[in-house]
Amino acid sequence: MRIHLTSVFVDDQERAQRFYTDVLGFVTKHDVPMGRDRWLTVVSPEDPDGTELLLEPSGHPAVQPYKTALVEDGIPAASFAVDDVRAEYERLRGLGVRFTQEPLETGAVTTAVFDDTCGNLIQIVHSE
């Protein structure tokens, strides 16, 4: 068994697609119209057949209270592996990304947390 698909709820799929591709560097895998929303997934260019991230619309009534509670408590909705958290932090800051947690080393793990502009906190992580 392996993870095929996971999702983050986004306030605006178009803005999310731009952020996740143009800023974070993912590539669009599927973009299928589904009424007023889309089945919109992105993948890592390093693993185009790997786990897909669904940029899922936040329309369900339970989503906004859930997202708000996570952000208020500083809890990331997702975690992405990077080779160098400090380098990625600097790259993303240079692109205007707002971080809520600067790089933090806790033993063999380094993390940082940023705002994805679509209502979520996202963590980047590297483990030694």
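The name given to the protein in an unreviewed UniProt entry is VOC family protein, and the organism recorded there is Streptomyces bullii.

### Examining the UniProt feature "domain: VOC" (unreviewed entry) in the protein
With numbering aligned to this structure, UniProt lists the feature "domain: VOC" (unreviewed entry) at residues 2–127. Helix makes up 25% of residues 2–127 and strand 42%, and the two end C-alpha atoms of the span are 20 Å apart.

### Focus: the sheet that holds strand β4 (residues 52–57)
As summarised here, the arrangement of the four strands in space is β1-β4-β3-β2, forming an open sheet in which the pairing is mixed. Edge strands, defined here as strands with exactly one partner in the open sheet, are β1 (5–10) and β2 (27–34). When strand polarity is set aside, the average angle formed by the axes of neighbouring strands in this sheet is 25°. Across six bridges, the pairing between β1 and β4 is parallel. By the bridge assignment, Ser-7 is partnered in β4 with Leu-54. Each of β1, β2, β3 (37–43) and β4 is contacted by helix α1 (residues 13–23), which is oriented at about 10° to β3, the strand it contacts most.

### Description of the environment of Gln-13
Among the secondary structure elements, Gln-13 is positioned in helix α1. Considering only alpha carbons, one finds Gln-13 and Trp-39, 26 residues apart in sequence, at a separation of 9.6 Å. A distance of 2.8 Å separates a polar atom in the side chain of Gln-13 from the backbone oxygen of Arg-38.

### Brief notes about the pairing of strand β8 (residues 121–127)
Here strand β5 (residues 78–81) pairs with β8 via four bridges, running parallel. Bridge pairing in β8 places Ser-79 opposite Gln-123. Both strand β7 (residues 109–115) and β8 contribute to a ladder of seven bridges, which runs antiparallel. Considered in β8, the bridge of Ala-112 is made with Ile-124. Taking the residues between adjacent antiparallel strands as the criterion, β7 and β8 are bridged by five residues, where Thr-117 takes a positive phi near 70°.

### Overview of unusual backbone geometry
Even without being glycine, Thr-117 reaches a positive phi, approximately 70°. Considering the arrangement of structural elements, one finds Thr-117 in the loop between β7 and β8.

What counts and what doesn't
What you see as residue numbers is a count from 1 along each chain, following the sequence as written. Only residues with pLDDT of 70 or above have their local features reported here, since the model is predicted, and side-chain atom pairs are shown and tallied only from 80 upward, although totals for entire chains, interfaces and linings are computed over all residues. Each side-chain value is worked out from all heavy atoms of the structure, with water and hydrogens disregarded. UniProt positions are given in the numbering used here, feature names are shortened, and annotations may be inferred rather than shown by experiment. Each helix is a run of H or I in the DSSP string that is no shorter than four residues. Each strand is a run of E no shorter than two, and both are numbered from the N terminus. In this analysis, strands are considered paired if DSSP registers two or more bridges between them. Only the stretch in contact is used when a helix axis is fitted, and all axes are lines through C-alpha atoms; the angle between N-to-C directions ranges over 0 to 180 degrees. Contacts are assigned to residue pairs that have any heavy atoms within 4.5 Å of one another. Between N or O atoms, a polar contact is any pair within 3.5 Å; within protein, one atom must be a potential hydrogen donor and the other a potential acceptor, and residues adjacent in sequence are included only when both atoms are from side chains.

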